Structures are given as C-alpha cells and as structure tokens.
Amino acid sequence: MNGSDADGGNAREGGTRNGASGGESNGSTAAGDAGRAGSPAVGDPVIRPAVDDAGAVPTAADVSLNGTDRAERPDRVSSVLVAVGPGPHSGATVDVAREIADATDAWLELFHVVPSDAALADAAPDDDASGTVAPAGAADPDYAAAGERLLDAAEDRLTGFDRADRWLVEDRTAAGAVVEQSAYYDLVVVGAPTTGTVGRFVFGSTTDTVVGDAEVPVVVVEADGSTALDAE
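Predicted, not measured: the structure shown is a model, and the values here were computed from it. (Residues numbered from 1 in each chain as written. Predicted model: local features only at pLDDT ≥ 70, side-chain atom pairs only at ≥ 80, totals over all residues. Heavy atoms only, no water.)

K.L.:
Where do I start with the overall build of the protein chain in this structure?
P.N.:
A count of helical and extended segments in the protein chain gives eight helices and seven strands. Residues classed as buried in the protein chain amount to 50% of the 232 residues present. Approximately 10,000 Å² of the protein chain is accessible, and the part contributed by carbon and sulfur atoms is 45%. (Helix = DSSP H or I, 4+ residues; strand = E, 2+ residues; numbered from the N terminus. Buried < 20%, exposed > 50% of the residue type's maximum accessible area, 1.4 Å probe, protein only. Areas by Shrake-Rupley, 256 points an atom, 1.4 Å probe, with all protein chains shown as cover.)

Okay, structure coming up:
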C-alpha cells in the first residue's frame, strides 16, 4: 500500500500514531467495488469520480481536486492523508475524506501537526503558533494533549468508519509535515484557507503550500458554514 508503514517506520521524530495500521488495507479499488452499482472498470480513473461525488456532502460548500497529474495510479486510492485542524472547515474536511474513502475502499490517516520546540522558539511574542486547540490562558499550553483531543473529535465524526488511523506529529510547520508525508499516500485532503495565526499554521498558507508541493493530488474542502471540530 502507498501509505504509512505498519510499524510507523515513516513517522517523523516526535510523532505518535494510534489505531489500526493502514498497511493492512486492500490496494485494489476495483476488487472492493466489484459489487457496487456504477463501479469503474479495472484501470478506469477513480480519483476524479470519487472527489466529484464527495462534493455532494451536505457540510461541504466546495470541493476541488488539484494536481491530478501527480497520481501514480489514477485507478486506485488505497490511502488518504487527512489534515486535521481547528479551523471552520475541519469537520467538512473529515466528512469529505470519509466519503472518498467509502467510494474507493481506502484507509484514512487523521493527521494533526503541533509546533515543535524550534517552531515555538521562532514565534514572535504575540504569535500563537500552535495550530491546535490549546488551553486558553495557559502559561505552558499542552499542545500535544489538545491535539489528541482534536483527533478524538475527528474520530468521533467518522461515526463507526473503521479504516482509520490517527497520527500526531511535531514539526516547524504543518505544511512541511503534510508535504513530506504526502509521498506515502495516494491523496491528501485539507481544509480551505483561513485567517489568523492559528489558521495559517494549520490551514491558510499550509493549504497553498500543500497544493503546490505535495507529491500526490490534493483535495481542498470549503465548508458550508462553520464545521469546526469540538475538541473540548
């Protein structure tokens, strides 16, 4: 499978993974879809049809597919990296990713990035570089714990979908982490750009960078209203 290793061997330093391994998924989309009406024939592209169908998710106002020429196997999606953050598009992003995974029998990796010590050291005094729902007013916010709560909320939103892992990673930027890991997946799903420092760390410029630099196609999701994940 073109996803993360079963033993977490491609994990960046400081990252932790939980849940079942995506390495156990069946890489053949056609086999998993054999009994479904309107299933594509073996060898037919599946990425564009799956993304187009996912655009009908009620919580999504717009779903765009970028970089289709980067797909090594347009007829297969066996693993999807989902950038999970606190922005207003976060819930819709998870909803769309699930819809794509349902259509292609893919595994999902719920992926959240918290700032490394180096990122926090580089931040200006008034910056909130966390990119996560850190405790308000805390002198020393526990970004990792807040990130785990956000991943909990994303898992809860999947409502029983059982082909999902979760991964919390420390890095200087969310964009750098997502782009680096994109090579191990068939598709990346991110939220639309947002404003504010937190938004820029998780989405915002992250979205633009991921769309431009990821190794695989990127789906950008804009929510119909706020669908922010509840990480309390």
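Next comes the rest of the description.
K.L.:
What is the right way to look at the nonpolar core in this model?
P.N.:
Side chains of nonpolar character tend, in soluble globular proteins, to be buried together. Counting 40 residues, the largest nonpolar core has Val80, Val84, Val96, Ile100, Leu108, Leu187 and Val219 as its most contacted members. Ranked by the residues each element gives to this core, the list is headed by helix H3 (residues 90–104), at six residues. Residues in contact with valine 219, not counting those within four places in the same chain, are Val51, Val63, Ser64, Leu65, Val96, Ile100, Leu187, Val188, Val189 and Val190. Formed by 20 residues, the second largest nonpolar core is a distinct cluster that contains Tyr185, Val188, Val190 and Ala192. (Core = buried A, V, L, I, M, F, W, Y, C linked by side-chain atoms within 4.5 Å. Contact = heavy atoms within 4.5 Å.)

K.L.:
Honestly, the side chain of threonine 227 in this entry has me stumped. Any pointers?
P.N.:
As for its position among the elements, threonine 227 is in the segment after strand S7 (218–223). Leaving out residues up to four positions away in the same chain, threonine 227 has contacts with Thr59, Pro88, His89, Ser90, Gly91, Ala92 and Arg157.

K.L.:
What am I meant to see in the confidence of the model for the protein chain here?
P.N.:
For any part of a model where pLDDT is low, the fine detail of the predicted coordinates should not be relied upon. For the protein chain, mean pLDDT is 77; residues scoring 70 or higher make up 67% of the total. Predicted confidence is poor over residues 16–37, with pLDDT under 50, and the contacts of this stretch with residues over four places away or in other chains come to 51 contacts. Counted against residues more than four places away or in other chains, residues 128–132, with its pLDDT under 50, gives 27 contacts. (pLDDT = per-residue confidence, 0-100.)

K.L.:
What's the story with the pattern of salt bridges in this structure? I'm lost.
P.N.:
Where charged atoms of side chains with opposite charge meet at close range, the side chains can pair. All told, the structure shown has six salt bridges when counted by the stated rule. Taking the shortest distance from any N to any O, the salt bridge between glutamate 148 and arginine 166 comes out at 2.6 Å. With glutamate 148 in helix H5 (residues 143–157) and arginine 166 in strand S5 (residues 164–171), this residue pair connects regions lying 18 residues apart in the sequence. Judged by relative accessible area, which is 21%, glutamate 148 ranks as partly exposed. Through salt bridges that share partners, Glu148, Asp152, Glu155 and Arg166 make up one connected network. (Salt bridge = Lys/Arg side-chain N within 4 Å of Asp/Glu carboxyl O.)

K.L.:
Looking at this structure, how should I read unusual backbone geometry?
P.N.:
Excluding glycine, a negative phi dihedral is what most residues carry, and trans is how most peptide bonds are arranged. Unusually for a residue other than glycine, aspartate 105 sits at a positive phi of about 60°. Its identity is not glycine, yet threonine 159 carries a phi of approximately 40°, on the positive side. You can call threonine 159 exposed: its relative accessible area is 58%.

K.L.:
Would you explain helix H6 (residues 174–182) in this entry?
P.N.:
One full turn of an α-helix is made of 3.6 residues, so residues set three or four places apart face in the same direction. In terms of burial, H6 is largely enclosed, as seven of its nine residues are buried. Along H6, the residues that are buried comprise Ala174, Ala175, Ala177, Val178, Val179, Gln181 and Ser182.

K.L.:
Teacher, can you tell me more about the environment of aspartate 105 here?
P.N.:
Within the secondary structure, aspartate 105 sits in the loop between H3 and strand S4 (107–115). Between the alpha carbons of aspartate 105 and serine 79 there is a distance of 8.7 Å; along the sequence they are 26 residues apart.

K.L.:
How do you make sense of the pairing of S5 when you look at a structure like this?
P.N.:
Across a regular strand the side chains alternate sides, sitting on one face of the sheet and then on the other. Most of S5 is tucked away, with seven of its eight residues classed as buried. Pairing of S4 with S5, which is carried by eight bridges, proceeds in the parallel orientation. Looking across to S5, one finds that phenylalanine 111 is bridged to tryptophan 167. (Pairing = 2+ DSSP bridges.)

K.L.:
Please explain the packing of helix H2 (residues 47–54) against H3 as it appears in this structure.
P.N.:
In helix packing, the relevant descriptors are the interaxial angle and the interaxial distance, both defined with respect to the helix axes. H3 packs onto H2 with a crossing angle of 135° between their chain directions and a minimal axis gap of 9 Å. Taken together, the axes of H2 and H3 are oblique relative to one another. Crossing geometry of H2 relative to H3 is assigned as right-handed. Listed contacts from H3 to Ala50, Val51 and Ala54 of H2 are Val96, Glu99, Ile100, Ala103 and Thr104. Grouping the amino acids of the contact of H2 with H3 by side-chain chemistry returns six nonpolar, one polar and one charged. (Axes fitted to C-alpha atoms, helices over the stretch in contact; angles between N-to-C directions. Parallel < 35°, antiparallel > 145°, perpendicular 65-115°, else oblique. Left-handed = near helix turned anticlockwise from the far one by under 90°. Nonpolar A, V, L, I, M, F, W, Y, C, P; charged D, E, K, R; others polar.)

K.L.:
For this particular structure, what's the right way to read the environment of valine 114?
P.N.:
Summarising the element assignment, valine 114 is placed in strand S4. Given a relative accessible area of 2%, valine 114 falls into the buried group. It is 4.9 Å that separates the C-alpha atoms of valine 114 and glutamate 170, two residues lying 56 residues apart in sequence.

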